[in-house]
Amino acid sequence: MDISWDLLLNAIAAGLLLGGFYAAVTAGVSISFGMLDIVNIAHPAFIILGSYIAYYFNIKYGVDPIVVSIIALPFFYALGAGVYQVYYLSFEKRGQESLRGLAFFFGLLFVTEVSLILVFGVDYRYVEAAYIGPSIHIGIVDLPLRMLVPFVVSLVLFGAIQLFVTKTFIGRAIMAVSQDQTALQLMGVDPIKIKRIAFGISIATASVAGALLIIIQPVEPSVGREYIGRVFAICVFGGLGSMPGTLIAAMLLGVVESLTATFYGPSWAPAVAFGLLLLTLAFRPAGLLGR
Amino acid sequence: MNTAKFSLVALAVGAVVMTVAHWMHVDYLYFASYTILQFVVLATAWNILGGYCGYVNFGSAAFFAMGAYASVFMHKTYPLPVPILILIGGVVSGIVGFGMGYLTLRLRGSFFAIATLALSVVLQTLVVNWEYVGGSRGAYVIRPETIEFAGITINYIEYLFGLMLLLAVIALVTARTIERSQLGFGFASIRDDELAAEAAGVPTLRLKLIATTLSGAFMGMAGAPFPFYIGYLQPSSAFGLEYAVNSIAMPMIGGTTSWVGPLVGALLLGSAQQYAIVTISSAVNLLIVGLMLVAFVIIAPNGLVGLVQGWRRSWRKP
């Protein structure tokens with residue numbers, strides 16, 4: 001077979017960079033769905049909200065999108081904690097999370113998307129920063145900074161979360177609540193408070209992920225829907241609640257998508273994640289590193 | 001009331017609606033009420049799986065679009081009358097529903113929901129890449145002006161309206177029959193406590209597959225006449241978000257435990273939207289539906305039907 005090595009290597013490199021970014025996008029869902037068992041399908045909508053906040057401050061005041069997203073972290077954390085409080089009082093407490101809880105998040109997804117359409121319209125928006133445009137060449141491989149910067153930021157974010165959940169008290173409490181809520185309660189920790197903190201962190205990651213998204217590609221309000229399949233495919237494929245698994249799965253999906261886009265055409269890329277999700281559910285529902 | 005009697009009454013109501021509509025003789029009325037009836041079918045179909053079994057399907061748009069694209073495909077390959085296309089659309093979407101269910105329903109409920117959410121994106125990708133049914137450009141389906149029906153010439157839009165009315169009646173009768181049958185009790189046991197149901201010997205997987213297939217089939221049937229109604233079918237209109245959100249919002253707002261809920265929800269929300277599309281923008285209109293969905297699941301978990309039942313109870317014992 002006559003495959004051009006140039007093309008193949010570049011596709012793999014691009015895929016790895018893309019995968020790193022997917023890891024940042026999935027980190028939040030890995031916490032909410034993987035650890036807390038909250039099926040937050042509205043997560044991509046929060047990411048798009050993050051993109052638009054980065055866009056607004058970038059265009060209006062010329063602030064770097066990543067800086068904006070870091071300043072916005074506390075607000076996203078508060079938003080997440082608030083959403084969890086409503087979710088807990090209305091659904092989790094009454095044991096209705098499976099049907100109505102899902103419908104609630106679906107409604108949130110929808111309301112966020114339509115509100116963004118009403119405020120910003122359906123045009124594609126993009127940000128401006130010094131690293132959008134140039135690229136580094138290593139041998140025959142091209143590494144555009146537009147992809148490399150999000151890749152690095154997302155690895156930092158991912159590492160920080162991994163350190164937080166394994167080394168700090170609250171992080172360990174989050175892991176504990178995902179394993180046995182009653183036992184945690186018996187140890188004198190309020191599981192609801194821990195879950196609220198964890199959900200707040202999960203939504204806070206959406207701020208950074210959103211800024212990275214709008215650096216990588218122009219954004220319009222319905223872009224988030226493409227990420228629902230990807231995010232949950234990565235989360236399930238990596239193994240629920242496993243951060244290293246999520247990272248590996250994100251990289252794999254990035255590479256496979258990039259190869260598909262290079263050799264079959266970019267319009268087929270969205271189907272890859274879904275195929276992966278179905279295959280995982282059919283053959284290994286526990287995922288790569290799942291327990 | 002037994003099923004036979006109920007079917008007769010439902011058919012009679014349908015016939016009255018048809019006669020009144022014919023007598024009023026306004027084409028716009030057909031266009032508007034066709035959409036509302038289409039939502040009655042979609043909401044009822046969603047409720048067979050969502051309301052009775054407690055499994056959330058976010059992919060209503062995908063099943064709807066499968067029916068619509070099955071019609072486009074047949075129309076290009078071998079033109080058939082619309083009632084047969086409705087059956088074909090039902091079979092195609094039913095098979096997709098069965099396949100999806102078979103792969104994901106053995107796991108926790110949330111996996112099924114996530115898979116259906118992703119299904120729309122993937123099927124849309126397939127259709128966009130499939131040139132034969134128009135690809136991303138869309139496909140024209142030329143609708144005849146009139147149709148000969150038992151020697152009488154009737155307007156084609158009236159014909160489509162009549163078909164959708166009949167479909168709505170069939171869907172409602174099916175839902176009501178399920179509710180009162182052993183099947184319905186099996187569904188309810190899954191919704192309330194699947195583990196206990198399984199332990200008590202209820203064949204949960206088989207029942208869930210029946211519900212998914214039936215629900216998908218009705219959604220496909222609702223979509224099959226859509227290309228003829230709209231005349232020009234684009235992937236973005238067939239996979240429109242309004243189908244996914246409405247077919248969840250309508251039963252949730254009406255009430256999910258009985259066949260009345262989706263009907264009430266679809267009639268209310270459907271008419272309100274028809275009115276709102278004319279008077280305000282369609283984005284604001286969708287925003288209102290979304291907000292109502294969120295408000296209802298938080299404040300009135302059993303929908304309007306639940307609210308009415310609650311009031312009745314409090315009236316009886318003051």
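Residues numbered from 1 in each chain as written. Chains lettered and ligands numbered in written order. Predicted model: local features only at pLDDT ≥ 70, side-chain atom pairs only at ≥ 80, totals over all residues. Heavy atoms only, no water.

## Some remarks on the environment of Gly139 of chain A
Residue and element names in this part refer to chain A.
- For Gly139, the position within the fold is in the loop between strand S1 (135–138) and strand S2 (141–144).
- You can call Gly139 exposed: its relative accessible area is 75%.
- For Gly139 and Asp6, which are 133 residues apart along the polypeptide, the C-alpha to C-alpha distance reads 9.9 Å. (Helix = DSSP H or I, 4+ residues; strand = E, 2+ residues; numbered from the N terminus. Buried < 20%, exposed > 50% of the residue type's maximum accessible area, 1.4 Å probe, protein only.)

## Some thoughts on the side chain of Ser93 of chain B
Residues and elements named next belong to chain B.
- Following the sequence through the fold, Ser93 ends up in helix H4 (residues 82–104).
- Its relative accessible area of 0% is what places Ser93 among the buried residues.
- Not counting the four nearest positions on each side in its chain, Ser93 is found in contact with Phe63, Met66, Gly67, Gly216, Ala217 and Gly220. (Contact = heavy atoms within 4.5 Å.)

## So, unusual backbone geometry
- Non-glycine residue Asp37 of chain A carries a positive phi angle of around 60°.
- Looking at where Asp37 of chain A falls in the secondary structure, it is placed in the loop between helix H1 (5–35) and helix H2 (43–61).

## Observations concerning a nonpolar patch on the surface
Residues and elements named next belong to chain B.
- A cluster of nonpolar side chains, Val16, Val20, Trp23, Met24, Val26, Tyr28, Ile277 and Val278, forms an exposed patch at the surface whose accessible area comes to about 840 Å².
- Elements with a contribution of two residues or more to the nonpolar patch: helix H1 (3–24) and helix H13 (260–279).
- As for its position among the elements, Ile277 is in helix H13. (Patch = residues over 30% accessible without salt bridge, like charges linked within 9 Å, V, L, I, M, F, W, Y side chains within 5 Å. Areas by Shrake-Rupley, 256 points an atom, 1.4 Å probe, with all protein chains shown as cover. Salt bridge = Lys/Arg side-chain N within 4 Å of Asp/Glu carboxyl O.)

## Let's talk about the pattern of salt bridges
- Considering all chains together, one arrives at 6 salt bridges over all chains under this definition.
- Of the charged contacts, one joins Glu113 of chain A and Arg225 of chain A as a salt bridge, the two residues approaching to 2.8 Å between their closest N and O atoms. Here Glu113 of chain A is found in helix H5 (residues 97–120), whereas its partner Arg225 of chain A is found in helix H10 (residues 224–238), with 112 residues between them in sequence.
- A relative accessible area of 6% means that Glu113 of chain A is categorised as buried.
- Given a relative accessible area of 27%, Arg225 of chain A falls into the partly exposed group.
- Put simply, Glu131 of chain B and Arg137 of chain B hold a salt bridge, and the shortest N to O gap is 2.8 Å.
- A relative accessible area of 57% places Arg137 of chain B in the exposed class.

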